[in-house]
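Chains, contacts and geometry: an overview
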Amino acid sequence: MAAGGIDVEVKRERLGSPVEPEGLRVRDLNAHQLLRGADIEGPNRPAHLEGEELERYVEERVLTTTLDSAVAWARGNSFFPLAFGLACCAMEQFHTAGPRMDIARFGFEAFRASPRQADLIILAGRVSIKMAPIIRRLYDQMLEPKWAISMGACCSSMGVFNNYALVPADKFMPIDVHVPGCPPRPESLMHGILKLRDLVLADPPEGWRTRYAAVGTEEAP
Amino acid sequence: MSDGPGLSDYRRREQSVTLEQLEQPLDVPGVESSAELLTLNFGPHHPATHGVLRLLVTLQGEIVRDIKPVIGYVHTGIEKTAEDKSYWKVIPVVERMDYLAYYFNAMAYVGAVETLLEAEVPKRAQYLRIIHLELNRIASHLIWLGTSALDLGAVSIFLYCLRERDIVLDLFEMSSGQRMHTRYFQVGGVIEDIPPGFERKVREFCKVMPARADEYGAILNANEIVLQRLRGTCPLDAETLLSLGVTGPLLRAAGNPWDLRKAAPYSSYEDFDFKIPVGTVGDNYDRFAVRLAEIYESVKIVEQALDGLPEGPYITEDRKVALPPRHELATSMEALIHHFKLVTEGFRVPPGEIYNPIESPRGELACFVRSDGSSKPARVHMRDPSFVNLQALSHMVKGSYIADMIATVAMLDPILGGIDR
Amino acid sequence: MPDATGLELLAQELGDSVLETVYFRNRATLEIDPETVCSVLRGLRDRGFTLLASVHGVDYHPSEPRLGVHYELLDMARVDRVTVKLRVGLDAPEVDSVTPEWPTADHQEREIYDMFGVVFRGHPNLRRILMPEDYEGHPQRRDFPVGGEPVIFTRDERKWLEARE
């Protein structure tokens, strides 16, 4: 069209709509009028709101909160899990992100590859002694506040394999939620993540050291 | 690369640029070369390595000169744990090795023990085993397809494949109660007969699956990026693959139609009519096409198995090996004693050593069992195909770009659980 | 598998290296002298067994010699398998590596070294493959403890905690 191709004709016409221009009541109500209930129409319109009625009226329409719970609400509803699968549990983790047990409906579908951008590490699978220091380093690279879910029996306890090669995740990093199962169904993992979400919405202290009474375990410079 | 009058300026420029200078073989040391070598660590935590695989890649610019895989990050000591448990308790331990092909791990082990015991597996159990094995092959190829497409950038295929795999896992849950690691295969047969309604659901799935596989083929085969990344990249000929001990779809993509299901049939595979897809060039595209075609063949096998499913017992009648049915426990003293002995001590296996190979979705999966006459195995070793196939990786990617290396790792289909055991 | 007579003929052809032949459940095994492993495998390759499917180790404790290495060979043209096994003792756990002629044995011999402690002479890169590099001990030997964490049930928890202090 810009090159002068097609002919365009512009026509204005008035829509013969059932709503008349006068029927659209756009009014500027100031706060004073709102608090008096000036926007309620009909026979119930109060002349004046007072006391308890006023409180109820305000509660129905305005959300008050403290900054902490607002921040906790935001944090809990937007985990960024670390894309970290070790073994069989990773397959069930895929299914949690899959179309049937959709993790995206809770807002957690942004699996980040980099630990610096993630705040939830889901240890899916068995932790061998060769992998343990690497997981610890990944956990340290994550930014506060960070959470950890131990998915499956192998990292929560030793699981099926009680032997020389494995380490339960509790031994080297703090875990918030343990999800049992071998492997846990996607529903179980979802239940575990939602439990973590409940934990976070209750606004616990931020640093994991305060949460787990581990103050004093920082590395000496 | 196409050529002709319709080629735009952009394409002509694209094809005129070559990297000949970089592709020269490395110079004699001491001679100054303008390109330096950089060793990069594709660490165990990486979005594109399938599992915790660590690759030490030596690069010259973007060309891979050498690659060294470092493994062991999921080593679970499965073989050592298996020595500690009675024969039937080893089955869940061994299942968790190659965690996408769990029925295959169980099949290899159980086949070895049955050979040692000279136990006969009833025909119905063999057919049931084949149904579950081929469904598992489809599920394994679906995850391979999904994660490989994810690596190449086609994110939606991942979700489509998970949709199908959910249906397969529902079928497994129907027959054994568990989605993964079902310990459905037992020594002598399967643990339980299939429930009513299972056959109908499997037939529904078999009707749906080829159409869905057509969809995946249609999306990926028409996608220019996928084709350019897979066609002609990292080929390896069949002879080198054989000297490296590689079997399975990788070998079939290079043109050698070796498949244990046809060559040395086990568990009644000879009763079924199916083809073996074979590639020609042995590049990444052939590996992809061979696995995609295998899905159709597996669906055919499942349908034939359902059509021909014989009546009969689902586990061997030998009470010294298999648990008696529960209703007999109330009436027969012998059944009670057998049940007690089997559950507490387990059955004893005559001494001997057996190597039992089967065809898993990744190649020749074999189980070596040595028994010393007691109720616990003296050595269980799983010859895992991914462990051996990984050695071919450095031969495949030498001289190609990093992006091709990522595509090759995806097409290699490594499962770290099997590699590290 | 070559049948029993075929196995005996094969053993005769390979001569002195073969110490024993075992034909068990339709599978053929040749037990050979550890020093001759390369020549035996070469001889079998000439007779058609071109694919080395698996190299794995076994610990025969308490029977001596203790450490065994099994080579599984496959003849693809005739669909035949044969197992070659050798045994070495703990005092001299050295075997010639077959990696130069059979590249597939690379990682598998490293795994046997890692798990059992058999040293392969001539292996290009004999390091630990599954355990961490600085691990001590060879886990898959029969006298190596399985290890693991003690399982603490709730009823034992207090006793266990007290015992620890």
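Residues numbered from 1 in each chain as written. Chains lettered and ligands numbered in written order. Predicted model: local features only at pLDDT ≥ 70, side-chain atom pairs only at ≥ 80, totals over all residues.

1. Some remarks on the pairing of strand S3 (residues 51–59) of chain C
All names here are of chain C. The buried fraction of S3 amounts to 9 of the 9 residues, a majority that puts the element mostly inside the structure. Alignment of S3 against strand S4 (residues 67–75), held across 8 bridges, turns out to be antiparallel. Bridging across to S4, Leu51 finds its partner in Leu74. (Buried ≥ 20, exposed ≤ 12 C-beta atoms within 10 Å, placed from the backbone. Helix = DSSP H or I, 4+ residues; strand = E, 2+ residues; numbered from the N terminus. Pairing = 2+ DSSP bridges.)

2. Notes on the pairing of strand S8 (residues 379–383) of chain B
Burial of S8 of chain B is extensive: 5 of the 5 residues sit out of reach of the surface. Alternating positions in S8 of chain B separate into two faces, Arg379, His381 and Arg383 of chain B on one and Val380 and Met382 of chain B on the other, with burial throughout.

3. Concerning the sheet that holds S8 of chain B
Residues and elements named next belong to chain B. One open sheet accounts for 3 strands, arranged S6-S7-S8; its pairing is antiparallel. Edge positions in the sheet fall to strand S6 (352–360) and S8, since each of these pairs with one other strand and no more. The average angle at which neighbouring strand axes cross in this sheet is 15°, direction not considered. Two strands pair when backbone bridges link them, and S6 and strand S7 (residues 363–371) are joined in this way by 9 bridges, in the antiparallel orientation. Considered in S7, the bridge of Gly352 is made with Ser371. Lying on the sheet, helix H4 (residues 102–117) is in contact with S6, S7 and S8; it crosses S6 at an angle near 145°. (Axes fitted to C-alpha atoms, helices over the stretch in contact; angles between N-to-C directions. Contact = placed C-beta atoms within 7 Å.)

4. What to know about the interface of chain B and chain A
The figure often quoted for interface size is the accessible area lost as the parts come together. Chain B puts 27 residues into the contact, and the matching count from chain A is 29 residues. Put simply, the parts of the chain that give the side of chain B that touches chain A at least two residues each are helix H2 (78–82), helix H3 (87–95) and helix H6 (155–176) of chain B. Top element by residues in the side of chain B that touches chain A is H6 of chain B. It accounts for 4 residues. Residue composition of the side of chain B that touches chain A, grouped by class: 14 nonpolar, 8 polar and 5 charged. (Nonpolar A, V, L, I, M, F, W, Y, C, P; charged D, E, K, R; others polar.)

5. Thoughts on the sheet that holds strand S1 (residues 37–42) of chain B
Residue and element names in this part refer to chain B. Pairing within the open sheet is antiparallel, and its 3 strands lie in the order S1-S2-S3. Two strands in the sheet have a free side with no partner beyond their single neighbour: S1 and strand S3 (63–70). On average, each strand axis in the sheet is inclined to that of its neighbour by 20°, with strand direction left out of account. Summarising the sheet, strand S2 (residues 54–60) and S3 pair through 7 bridges and their orientation is antiparallel. In the strand pairing of S3, Val57 is matched with Ile67.

6. Digging into unusual backbone geometry
Put simply, Glu144 of chain A and Pro145 of chain A share a cis peptide bond, and its omega is -15°. In this structure, Pro183 of chain A follows Cys182 of chain A across a cis peptide bond, with omega equal to -15°. For Cys234 of chain B, which is not a glycine, the phi torsion comes out positive at approximately 50°. Looking at the element boundaries, Cys234 of chain B is found in the loop between helix H8 (224–230) and helix H9 (238–243).

7. Examining the environment of Gly152 of chain A
All names here are of chain A. Looking at the secondary structure, you find Gly152 in the loop between strand S3 (147–151) and helix H6 (153–156). Judged by the 31 C-beta atoms lying within 10 Å of it, Gly152 is buried. In this structure, the C-alpha to C-alpha distance between Gly152 and Ala74, residues 78 residues apart in sequence, is 27 Å. Setting aside chain neighbours within four positions, we find Gly152 in contact with Cys89, Ala124, Gly125, Gly159, Val179, Gly181, Cys182, Pro183 and Pro184.

8. Section: H3 of chain B
Residues and elements named next belong to chain B. Here H3 lies mainly inside the structure; 7 of its 9 residues are buried. All buried positions along H3 are accounted for by Tyr87, Trp88, Val90, Ile91, Val93, Val94 and Glu95. Here the buried face of H3 lies against H2, H4, strand S4 (185–186) and S8.

9. Describing the interface of chain A and chain C
Between chain A and chain C, the residue contacts involve 7 residues of the former and 7 residues of the latter. For the side of chain A that touches chain C, a count of residues per class yields 4 nonpolar, 2 polar and 1 charged.

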